[in-house]
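The primary structure of each chain is shown beneath.
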Amino acid sequence: MFLMQTLKRYKWTWISIIIILIFAAYLLVSSLGLGKEKWPVIGTVQDFSLENVDKTTVTLDDTTGKVRLFYFFFTSCPDVCPVTTFMLSQAQKQLVEDGTFGKDVEFVSISFDPEVDTVDKIKAFGDKFKVDYNGWYFLRGDKQKIWDLAEKSFKTMIIGDKEGNYSHANLIALVDRNNQVRNLYNANDTEDVSVDTLVKDIKDLAKE
């Protein structure tokens with residue numbers, strides 16, 4: 001009885017641990033198959049059609065031809081989403097300064113909680129981080145399709161309940177000009193993933 005109560009009380013902690021372990025196992029398996037390329041192709045982004053903060057429809061084709069960083073988030077996130085979005089905003093700042101942002105590289109942030117995350121709410125979230133919407137899409141749309149996109153294209157697992165509590169793999173995906181996923185960064189690993197790392201990698205991949 002005590003064990004069941006403890007498991008129930010810390011349900012979301014255990015779920016988060018399980019997601020982290022699954023992702024760690026995925027990275028281990030992926031690393032065993034590394035080829036000569038710095039970033040081997042580890043997946044392909046499936047097509048999507050979503051609503052941007054300017055209320056226009058954005059499809060995968062609209063972003064094709066540029067190197068991109070994809071990130072899944074929700075505006076009510078109490079911890080990792082704001083921190084990771086801030087890190088992306090600092091990467092944006094460097095890329096704007098060297099003239100590559102919006103020209104050769106773009107960011108794509110997708111809300112997986114569209115029932116709560118309206119266009120206005122997402123816009124307010126982005127504005128906090130001084131987002132340059134000329135090179136950074138903030139998207140929303142059908143919830144199930146977004147969850148499928150996250151899992152099938154980016155190995156990003158999302159778990160939630162009816163109360164709006166979510167646990168998700170905090171990943172940033174590096175995608176090349178041809179919609180191929182070339183790297184997945186664990187944004188929680190601040191020792192290996194930094195603003196400089198993201199900027200260097202996205203610029204290097206843009207040169208391929």
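- The name an unreviewed UniProt entry gives the protein is Protein SCO1/2, with Paenibacillus macquariensis as the organism.

1. Describing the overall build of the protein
- A tally of helices and strands in the protein yields seven helices and 10 strands.
- The buried share among the 208 residues of the protein stands at 44%.
- Considering only contacts within the protein whose residues lie at least 6 apart along the sequence, 72% involve residues at least 24 apart.
- When the accessible surface of the protein is totalled, it reaches about 11,200 Å², and 55% of it is carbon and sulfur.

2. Let's talk about the side chain of Asp-113
- Tracing the backbone shows Asp-113 in the loop between β5 (105-111) and α5 (119-128).
- Here the side chain of Asp-113 touches Tyr-166 through a polar contact of 3.0 Å, side chain to side chain.
- The contact partners of Asp-113, leaving out residues within four places of it in the chain, are Phe-74 and Tyr-166.

3. Some remarks on the pattern of salt bridges
- Per the stated rule, a full pass over the model turns up nine salt bridges.
- Here Lys-203 and Asp-98 are joined by a salt bridge, their closest N and O atoms 2.8 Å apart. Within this pair, whereas Lys-203 is found in helix α7 (residues 195-206), its partner Asp-98 is found in the loop between α4 (80-97) and β5, the two being separated by 105 residues in sequence.
- According to the relative accessible area criterion, Lys-203 is partly exposed, its value standing at 29%.
- A relative accessible area of 34% means that Asp-98 is categorised as partly exposed.

4. Some points on α7
- Between its first and last C-alpha atoms α7 spans 17 Å; for 12 residues at 1.5 Å apiece the expected length is 16 Å, and the two agree.
- For α7, the complete set of buried residues consists of Val-195, Leu-198, Val-199, Asp-201, Ile-202, Leu-205 and Ala-206.

Definitions and cut-offs
- Residues numbered from 1 in each chain as written.
- Predicted model: local features only at pLDDT ≥ 70, side-chain atom pairs only at ≥ 80, totals over all residues.
- Heavy atoms only, no water.
- Helix = DSSP H or I, 4+ residues; strand = E, 2+ residues; numbered from the N terminus.
- Buried < 20%, exposed > 50% of the residue type's maximum accessible area, 1.4 Å probe, protein only.
- Contact = heavy atoms within 4.5 Å.
- Areas by Shrake-Rupley, 256 points an atom, 1.4 Å probe, with all protein chains shown as cover.
- Polar contact = N/O pair within 3.5 Å; in protein donor to acceptor, adjacent residues only side chain to side chain.
- Salt bridge = Lys/Arg side-chain N within 4 Å of Asp/Glu carboxyl O.
- Expected span 1.5 Å × (residues − 1).

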